[in-house]
Each structure stands twice: as C-alpha cells, then as structure tokens.
Amino acid sequence: MEAVRASAAWVASRSSHVTVDLQEIEKVVDKIQGNVPKVEWDFEGIHYFDNGPLTVQYLFVLDALNFCFWPDKDLSYDHLASGLKLALEKDKTALNADRLKNYTGPQLRQLLNWPRPLPIEEERVRLLHEVGLELERNFGDQAANLVKSAGNSAATLIELITRHFPGFRDHSLYKGHQVFLYKRAQIFVADLWGAFKGQNYGEFNDINSITIFADYIVPAVLRELGILKYGSNLSCSIDSNREIVPGSEEEVEIRACSIYAVEKMRDLIGKKFGKQLLSIDIDLWLWSCGVQNMALSHHRTLSIYY
C-alpha cells in the first residue's frame, strides 16, 4: 500500500521519540545473510481452514476482532483464532452475517469460550455488528464476495474494506498530516494469501504492495534488535507498562517507524543479496520471534486497530 509506505516514511523523517537505526538494519541483514526464516501461515495450527468461502468469512471476522489483548494477561491472539475455529467446527452458521449483526457481549464470550469480559468488549461487539450489516447490505452476506469484487488486487481489496467498514480505517493525525497504517485490513489480505497459498481467494497480483502490520509485537522485536531506538521518556513508559495514548506522537511514531524500518530492511536485502522478499514474510518472522519471547516489553495502547 503506497499510502501506508509514504505516510510511514513521512513520520519517520520527522520522528522525535523513535529513531530508525539504519546501521543496525544493515547488521541484522548481514547476520542473516538476507535469509529471512520462512514461517508458514498457521504454524501454530490454530486457524480454521476448509479451502472455501467459510474460511474467508472466518478470516474476516478474525481480523475484525484482532486487536488489544494485553489488558487481560491471559488473553492472546491464539485464543481468538482457536475460539472462532472451534465455534465454526461446532456450528457452521456461527459466523453468518445475520448472526454477526446481533451478537451481544456475553454471546461473543460464549462463542470464544472466554470466561470473562473481553478487553474493549463493547467495541468488539460493535465491529461484529458492522461486519454483519455491511456484508448483508452489499456483499450477499459473504466476505468471499467482498474478496472476489477486488479482482485479485490486494490494494483494491484494502480500499474496499476501508470504504465499507469504518472499523478498519486505521488512520492517525501526526503533526497535521494524515497517516495511514491499515494493520487489520492488510493482515486480512496476508491471511488470505497465506491460508490459500496464493491461490483461489488468496491470489493477488500485487501482494508485494502489502507492508508489515504495525502492532505491539513487531516494534518490540525491532527494538530488541536495536533497529528501533526510543527516547528515554518513551523507553521508561514502555518498560514500566504505562499506557501510551492512542494517536499520540509516540504511538504513531512507534508504528510508522516499524513499517519504515522493515521497508528499509527489505530494500537492503534486495540490493545486497538480490532477494526480493515480501514484507509479509519479514513480518511473520519478526512476529514469530516476538511471540516466542513474551518477556519483551511492548507499548500498551487501548486501540481497536491492533
């Protein structure tokens, strides 16, 4: 997504709380010799997959809800993915549009087999309703029709998602400039591409346009690698688990600089080693490193976008 790349670079060039260390990027690239370990989609075995439209519905609902787990120390993405998977295996209609638009908080908890209120539960329910209503209104009840209408273009699919589903409009205002980050819309494309192995619903002729998905984990890994450097006040806030205000300069810089840093890493791997990697592959590698080292300190922001 050029809008994401361009706005991330714009933020990185003006950032005062976060610095991208280009020398450290080069060290990391040289250390791995341009070989990013291949991480398969669903390497944990937690996702639903039936090679058809129900998988697309599952992934769209999953990515509509894929945000802000940290306020509950026991909750993780794995619980969300596996909970929706089990719900579908028990009842193939669980994620039908007419049901999505009517779920309550307690019913969502029951769907996920989660024993207590979810973080930002009201927003999660609102987004489920939004997905159900808009799929019913414009896409014949099915996310698969949304994907088909994009004509095998990742960029077009993201444009359609953000046009029709306001809950995916991951925008921020930074120093008077609009910044586009689109974590959940982009990760839906990546999930389709990974699940269907670039075929059928996962076939996109511009998959290389996708950037990484700026969340909590990837910035923490980039910081651990020395690629992201935080100012002392921001470092203190993160290491002491103080919340970072959504839309603040610090929060936007963390996410935008993460995208910018990985784009620089990808470019450098291409120049030095002649390998044309996808940002998706780098993201999966960094994210898998992060989930295997949950002792990493990450920033904490209450947000529906990641």
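None of the values given here were measured: they were computed from a predicted structure.

Quick notes on the rules
Residues numbered from 1 in each chain as written. Predicted model: local features only at pLDDT ≥ 70, side-chain atom pairs only at ≥ 80, totals over all residues. Heavy atoms only, no water. Helix = DSSP H or I, 4+ residues; strand = E, 2+ residues; numbered from the N terminus. Buried < 20%, exposed > 50% of the residue type's maximum accessible area, 1.4 Å probe, protein only. Pairing = 2+ DSSP bridges.

Visitor: For this particular structure, what's the right way to read the environment of Arg126?
Guide: Looking at the secondary structure, you find Arg126 in helix α7 (residues 121–138). For Arg126, a relative accessible area of 36% gives the class partly exposed. Taking the C-alpha atoms as reference, Arg126 lies 25 Å from Arg255; in sequence the two are 129 residues apart.

Visitor: I'm lost on unusual backbone geometry in this one. Help?
Guide: Excluding glycine, most residues fall at negative phi; most peptide bonds, likewise, are trans. Despite not being glycine, Cys68 has its phi angle at roughly 50 degrees, a positive value. Looking at the secondary structure, you find Cys68 in the loop between α3 (53–64) and α4 (77–90). Located in the positive-phi region is Asn200, a residue other than glycine, with phi close to 55 degrees. Its location among the elements puts Asn200 in the loop between α10 (183–195) and α11 (217–224).

Visitor: Can you help me understand the pairing of strand β2 (residues 171–174) in this one?
Guide: Consecutive residues of a regular strand have side chains that alternate between opposite faces of the sheet. Of the two faces of β2, only the one carrying Ser172 and Tyr174 is buried; His171 and Leu173 on the other face are not. As judged from the 4 bridges shared by β2 and strand β3 (residues 177–180), these two strands associate in the antiparallel manner. In the sheet register, Tyr174 faces β3, and the bridge partner there is His177. Hairpin connection, β2 to β3: the antiparallel pair is bridged by 2 residues, and Lys175 has positive phi, about 50 degrees.

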